[in-house]
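Chain residues, written in single-letter form:
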Amino acid sequence: MTFRTRILAGMALVSLLPIAVLGAVVRGEMDRRMTERERARTAALEALTRDALSRESGAVAERLRALATSLAQDDRFRLATLGRSARERPYLLDWGEHAARLTGLTMLQLQDEEGRILSSGHFRDEFDRLDPELVALVRHEAGSATLARVRTPEGPMLALARLDSLRLGARRFTLLGGVRVDSAFLARLPADSTLSVSLALADSARVGPATPAIASSASELEALRASVDRWFVAALSITAVAVLVVSLWLAARVSGPLVALAGASARVDLDRLDGDFAADRDDEIGELTRLLGRMVRRLRASATRLREAERRAAVGDVARQVNHDLRNGLAPIRHVLRHLREVERDAPERLPATFTERRPTLDASVDYLDELARRYASVSARGEARPCDVNEIVRALAAGTNARDGAALELYLAPDLPRVPADPLAVRRIVENLVANALDAARECDGTVRVRSERVAEHAIRLVVSDEGPGMSEEELTRALQDFYTTKPHGTGLGLSIVRRLTTDLGWTLRIDTAPGAGTCVTLDSPAP
Amino acid sequence: MADSSALDSIRAELARDVVRGDARPSANAACGAIPPDAAERAHRVAYPAADETARSIAARLVAIAPPHVPLRVAAVAAGGDTSALAIVARPLERTERCAAGRLTIPLIETRARAIVPVEAP
């Protein structure tokens, strides 16, 4: 997991988790309180409804009591029931309807002791039907508001029912009466804006207690929940965006320099200890950068000492190589001289002709030795360090350098440039190689080579050689810093590698800024004493 | 209602207890046949919405129906009857003309009354 990802994950965890917990707690608390309030209102409404049902049931009982009293004094009813007068039968059949209309009951039934319906107010034509079960069931629920499902011509009807009875002689009659439980009845019950009351009876039951069922529309609670959820999601989204932006800024602020530092560190090895680890930050990253810079400088000093040791160790090998090369170069000469001595001794008259014949061999051997000497001169040993005027070296070099075809050389030398302790020959070879490379590169683009010197401290200088040539890729630069790599038809491939070695030997730093199409800029910094 | 004595009893009861008017049991014979899809129709006894006599007869039939036959009455507009049973008023001279595919059972007959001026002797 990258540092940037960790920052993002950490910020998200620290910021979003508390908001999520807060949202969940607020929602849960709101839910709990609303539910408690809803429960209290439901209980209150249920109590009010039970009181109302009790009052309605009491009113029905009072009306039945009045009917029973009236019937006990009704002679036509007595004749129709006790005397079994056929003439009064229509009166008996119609009594229920008239009595229900008179008392405002929507359900009224008169039964005899067998349970036979003698008269019915809500269903006139159900007379003579036996239905003792209904009365028995309602009687079983006596003392409380009772719901009964009774027949009507149009179908079942739910009614709040009560019972009463009267005795005529030896006969006992039962009055079953009630009011229809419909929307008009429910509208008379106590109401609440968000609660609804209903009375229901199980499908299979004919009679049951009138228990109010309170249902909440839940719309208010749901609307509040939806509102809280919307604001919660909005807050969470805004926080998430803010966290993302801050995290990316922090990551860029923290991990960006780390990535650059890692890149600079990756380019450091024993052959390239010229990395730039300068930092103007005063935080931990700046301290780390400066620490790495000090470490690289120590490595550079160690590498110099190591290379010196290697060079001393390699002197023997070089001597053997030189011996071998010289022997190879001298052998043909020795052979030619021996041949000439033999001709002089045996046939002196042929000496001029023989010399002319063998002369190319002598010339080739001398050329070989000359080339060999030139090659070995390029890897000569380091000289003594003494105060060195770099401007003077640059001017002398520029005076002896002819501008190549299509390339110009411009000097920008600081007049107050201090002398620095260095081997003048090494400095000359560095400048010579850099200017030669720059002129070669600038010639390809008809560009200009600029050499700039400046004072960076009391005894420290900076020398910059830049060209407007084709530049190099990272891979080309890496290979150019190695020995014997060149893209020039007659190049030795030693220019930049010699520059790198010589600057390291001098303890200077070398920085090369180049890119394809952007030219090349080489910066040399002498160390501050 | 296939039993003629039971039908006579019902006719008599309807004329006596249900119909609040001057009525007598009908002596006309039934005609027609039970429609083949009668059992599939709703268990309702239809009557013309404005005919109180027909409603009372329909309600009585519902009341005396066996408990496993959940009949109920339903007022219908003229000509809108699709029920298994329908109580309709028919002039006497039309009771003998049965509707095709339906069983028609005459239940009661009412005697028309007339108030006429008595001519002077």
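For the structure, see preceding data.
Since this is a predicted model, take the numbers as computed values, not measurements. (Residues numbered from 1 in each chain as written. Chains lettered and ligands numbered in written order. Predicted model: local features only at pLDDT ≥ 70, side-chain atom pairs only at ≥ 80, totals over all residues. Heavy atoms only, no water.)

Asks: Would you explain the overall build of chain A in this entry?
Replies: Broken down by element type, chain A carries twelve helices and 15 strands. A burial count over chain A gives 38% of its 529 residues as buried. Look at the contacts in chain A between residues 6 or more apart in sequence, and 66% of them connect residues 24 or more apart. Carbon and sulfur atoms provide 56% of the accessible area of chain A, an area that totals close to 29,600 Å². (Helix = DSSP H or I, 4+ residues; strand = E, 2+ residues; numbered from the N terminus. Buried < 20%, exposed > 50% of the residue type's maximum accessible area, 1.4 Å probe, protein only. Contact = heavy atoms within 4.5 Å. Areas by Shrake-Rupley, 256 points an atom, 1.4 Å probe, with all protein chains shown as cover.)

Asks: Explain the overall build of chain B here, please?
Replies: Per the secondary structure count, chain B includes two helices and five strands. The proportion of buried residues among the 121 residues of chain B is 31%. A sequence separation of at least 24 residues applies to 80% of the contacts in chain B between residues at least 6 apart. Approximately 7,800 Å² of chain B is accessible, and the part contributed by carbon and sulfur atoms is 57%.

Asks: So what exactly am I meant to see when it comes to the interface of chain B and chain A here?
Replies: By a frequent convention, interface size equals the accessible area lost on bringing the separate parts together. The interface of chain B with chain A comprises 13 residues on the first partner and 15 residues on the second. For the pair chain B and chain A, the summed buried area comes to about 1,200 Å², and 42% of that belongs to carbon and sulfur atoms. Taken as a group, Asp17(B), Arg20(B) and Arg60(B) account for 43% of the area that chain B buries against chain A, more than any other trio of residues on that side. A salt bridge links Glu154(A) to Arg55(B), with the shortest nitrogen-to-oxygen separation between them at 2.6 Å. For the interface between chain B and chain A, the tally reads eight residue pairs in polar contact (both at pLDDT 80 or more). For the side of chain B that touches chain A, the secondary-structure elements that each account for two or more residues are α1 (4-18), α2 (52-64) and β3 (72-76) of chain B. (Buried area = accessible area lost by both parts, 1.4 Å probe. Salt bridge = Lys/Arg side-chain N within 4 Å of Asp/Glu carboxyl O. Polar contact = N/O pair within 3.5 Å; in protein donor to acceptor, adjacent residues only side chain to side chain.)

Asks: Where do I start with the pattern of salt bridges in this structure?
Replies: Side chains bearing opposite charge may pair, as long as their charged atoms lie close to each other. Here the structure, examined in full by the defined rule, presents 38 salt bridges over all chains. Measuring nitrogen to oxygen at the nearest pair gives 3.6 Å for the salt bridge that ties Glu38(A) to Arg41(A). With Glu38(A) and Arg41(A) both in helix α1 (residues 3-72) and three residues apart, this pair spans about one turn of that helix. The closest approach of N and O atoms between Asp125(A) and Arg124(A), which form a salt bridge, is 3.1 Å. By relative accessible area, Arg124(A) is classed as buried at 6%. One connected set of salt bridges, linked through shared partners, spans Asp94(A), Glu97(A), Arg101(A), Arg124(A), Asp125(A) and Arg20(B).

Asks: How do you make sense of the sheet that holds strand β7 (residues 207-209) of chain A when you look at a structure like this?
Replies: Hydrogen bonding along the main chain pairs the strands of a sheet, whether they run parallel or antiparallel. Residue and element names in this part refer to chain A. In spatial order, the strands read β2-β1-β5-β4-β3-β7; together these six strands make up an open sheet with antiparallel pairing. Taken across any chain shown, the strands that pair with only one partner, and hence form the sheet edges, are β2 (117-120) and β7. On average, each strand axis in the sheet is inclined to that of its neighbour by 35 degrees, with strand direction left out of account. (Pairing = 2+ DSSP bridges. Axes fitted to C-alpha atoms, helices over the stretch in contact; angles between N-to-C directions.)

Asks: How do you make sense of the sheet that holds β3(B) when you look at a structure like this?
Replies: Residue and element names in this part refer to chain B. If you walk across this open sheet you meet the three strands as β3-β2-β4, and the pairing is parallel. With one partner strand each, in any of the chains shown, β3 and β4 (85-86) form the two edges of the open sheet. Bridge count between strand β2 (residues 44-48) and β3: five bridges; the pairing is parallel. Residue pairing for β3: Pro48 is matched across the bridge by Val76.

Asks: How should I be thinking about the side chain of Asp17(B) in this particular structure?
Replies: With respect to the secondary-structure elements, Asp17(B) resides in helix α1. At 2.8 Å, the side chain of Asp17(B) forms a polar contact with the side chain of Arg16(B). Contact partners of Asp17(B), with chain neighbours within four places excluded, come to Arg89(A), Leu93(A), Arg124(A) and Phe127(A).

Asks: Explanation requested: a nonpolar patch on the surface in the structure shown.
Replies: All names here are of chain A. The grouping of Leu13, Val14, Leu17, Val21 and Val25 at the surface amounts to a nonpolar patch, some 480 Å² of accessible area in total. Within the element layout of this structure, Val21 appears in helix α1. For Val21, a relative accessible area of 46% gives the class partly exposed. (Patch = residues over 30% accessible without salt bridge, like charges linked within 9 Å, V, L, I, M, F, W, Y side chains within 5 Å.)

Asks: So what exactly am I meant to see when it comes to α1(B) here?
Replies: Given 3.6 residues per turn, any residue in an α-helix points the same way as the ones three and four places further on. End to end, α1(B) covers 20 Å across 15 residues, agreeing with the expected 21 Å (1.5 Å per residue, within 8%). The set of residues buried in α1(B) consists of Leu7(B), Ile10(B), Arg11(B), Glu13(B), Leu14(B), Ala15(B), Asp17(B) and Val18(B). On its buried face, α1(B) is in contact with α3 (89-103) of chain A together with β1 (23-25), α2 and β5 (108-110) of chain B. (Expected span 1.5 Å × (residues − 1).)

Asks: Explain the environment of Ala61(A) to me, please; I cannot follow it from the model alone.
Replies: Its place among the elements puts Ala61(A) in helix α1. The spatial distance from the C-alpha of Ala61(A) to the C-alpha of Gly178(A) is 8.4 Å, given a sequence separation of 117 residues.

Asks: What exactly am I supposed to notice about the pairing of β2(A) here?
Replies: Two faces, one strand: in a regular strand the side chains alternate between the faces of the sheet. Residues and elements named next belong to chain A. Sheet topology note: the strand β1 (residues 107-111)/β2 ladder contains three bridges and is antiparallel. Looking at the pairing, Leu110 lines up with Ser119 of β2. Where β1 folds back onto β2 in an antiparallel hairpin, the turn is made up of five residues, including Gly115, whose phi is positive at roughly 90 degrees.

Asks: I tried to follow the packing of α1(A) against helix α6 (residues 219-266) of chain A on my own but got confused; where do I start?
Replies: Packed helix pairs are specified by the crossing angle of their axes together with the interaxial distance, meaning the distance between the axes. All names here are of chain A. In contact at an axis separation of 8 Å, α1 and α6 are set at 165 degrees when each is read in the N-to-C sense. Judged on the interaxial angle alone, α6 and α1 are roughly antiparallel. For the element pair α1 and α6, the recorded crossing hand is right-handed. Across the contact of α1 with α6, the residue classes break down as 24 nonpolar, five polar and eight charged. (Parallel < 35°, antiparallel > 145°, perpendicular 65-115°, else oblique. Left-handed = near helix turned anticlockwise from the far one by under 90°. Nonpolar A, V, L, I, M, F, W, Y, C, P; charged D, E, K, R; others polar.)

Asks: Explanation requested: the side chain of Asp389(A) in the structure shown.
Replies: All names here are of chain A. Looking at the secondary structure, you find Asp389 in the loop between β9 (386-388) and α9 (390-399). Summary of buried charges: Asp389 has no salt-bridge partner, and the nearest side chain of opposite charge, Arg419, is 4.3 Å away. Within the structure, the side chain of Asp389 is placed 3.1 Å from the backbone nitrogen of Asn391, a separation counted as a polar contact. (Lys, Arg positive; Asp, Glu negative; His and termini not counted.)

Asks: In this structure, what is going on with the pairing of strand β12 (residues 448-457) of chain A? I would like to understand it.
Replies: Residue and element names in this part refer to chain A. Pairing between strand β10 (residues 408-412) and β12: five bridges, direction parallel. Looking at the pairing, Ala408 lines up with Thr448 of β12. With seven bridges connecting them, β12 and strand β13 (residues 460-467) associate as antiparallel partners. The residue of β13 that forms the bridge with Ala457 is Ala460.

Asks: Before we go on, may I ask you to explain the nonpolar core in this structure?
Replies: Nonpolar side chains tend to gather and get buried jointly when the protein is soluble and globular. All names here are of chain A. Formed by 39 residues in total, the largest nonpolar core has its most connected members in Val390, Val427, Leu434 and Trp508. Every residue in contact with Val427, bar those within four places of it in the chain, is listed here: Cys388, Val390, Ile393, Ala422, Leu506 and Trp508. Val60, Leu166, Leu199 and Leu201 belong to the second largest nonpolar core, which has 35 residues in total. (Core = buried A, V, L, I, M, F, W, Y, C linked by side-chain atoms within 4.5 Å.)

Asks: Before we go on, may I ask you to explain unusual backbone geometry in this structure?
Replies: Negative phi characterises most residues that are not glycine, and trans characterises most peptide bonds. Residues and elements named next belong to chain A. Within the chain, Asp128 stands out as a residue other than glycine whose phi angle is a positive 70 degrees. Inspection of the secondary structure puts Asp128 in the loop between β2 and α4 (132-140). Its relative accessible area of 31% is what places Asp128 among the partly exposed residues.

Asks: Please clarify how the packing of α9(A) against helix α10 (residues 424-445) of chain A should be interpreted in this entry.
Replies: All names here are of chain A. Two elements in contact, α9 and α10, have axes separated by 10 Å at closest approach and are oriented at 50 degrees. With respect to their mutual orientation, α9 and α10 come out oblique. For the pair α9 and α10, the crossing hand works out as right-handed. Here Val390, Ile393, Val394, Ala396 and Leu397 of α9 come into contact with α10, specifically with Pro424, Val427, Arg428, Val431, Glu432 and Val435. Along the lines of polarity and charge, the residues of the contact of α9 with α10 split into nine nonpolar, no polar and two charged.

Coordinates in, geometry out; function isn't part of it.
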